[in-house]
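A closer look at the structure
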Amino acid sequence: MGKAAGRGRVVSRVGKRAGKASTAHTRSFPCPDDLWDEVESFATEHELGSPAAAARLLLRSGLSVERRVRELKAARDWQIEQAWSDLQAVSGGDRTFGSWDEIEQAAERARLRIRERQAIGKRAAVD
């Protein structure tokens, strides 16, 4: 914003605050016309100002989705491994799985949670 003492150069405060994440490099890649047309339409529909802005948004969103898919897959795999381990322990006699009454109570609690989530979803859809 001001001149550095005795050197005559301009120092920008923005440059000092903005870290590596703020640097943007121009990227170039081949893109089929039909795909770029969709990006342009997206930019127009969402009033993003330019197809480049839409492409950045779609790239960030797509990467986020892919990251979440990997996390969910890992969680699912862990749950399957846990269930398999529990099943082996029960079948081997190392662990009991409880009475049928306890299982029915747990199932009823799960059904109640499902109904509550559905009711919340319906209320959100109406609002």
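1. Comments concerning the overall build of the chain
Across its full length, the chain holds four helices and zero strands. Going from the N terminus to the C terminus, the chain shows its helices and strands as α-α-α-α. Counting over 127 residues, the chain shows a buried share of 4%. Roughly 11700 Å² of accessible area belongs to the chain as shown, and the carbon and sulfur atoms make up 56% of that amount.

2. Description of the packing of helix α2 (residues 33–45) against helix α3 (residues 51–91)
Between α2 and α3, whose axes approach to 8 Å, the crossing angle comes to 95 degrees. It follows that α2 is roughly perpendicular to α3 by the angle criterion. Facing α2, whose interface residues are Trp36, Val39, Glu40, Phe42 and Ala43, α3 presents Pro51, Ala52, Ala54, Ala55, Leu57 and Leu58. Of the residues in the contact of α2 with α3, the class split is ten nonpolar, no polar and one charged.

Reading the values: rules and limits
- Residues numbered from 1 in each chain as written.
- Predicted model: local features only at pLDDT ≥ 70, side-chain atom pairs only at ≥ 80, totals over all residues.
- Heavy atoms only, no water.
- Helix = DSSP H or I, 4+ residues; strand = E, 2+ residues; numbered from the N terminus.
- Buried < 20%, exposed > 50% of the residue type's maximum accessible area, 1.4 Å probe, protein only.
- Areas by Shrake-Rupley, 256 points an atom, 1.4 Å probe, with all protein chains shown as cover.
- Axes fitted to C-alpha atoms, helices over the stretch in contact; angles between N-to-C directions.
- Parallel < 35°, antiparallel > 145°, perpendicular 65-115°, else oblique.
- Contact = heavy atoms within 4.5 Å.
- Nonpolar A, V, L, I, M, F, W, Y, C, P; charged D, E, K, R; others polar.

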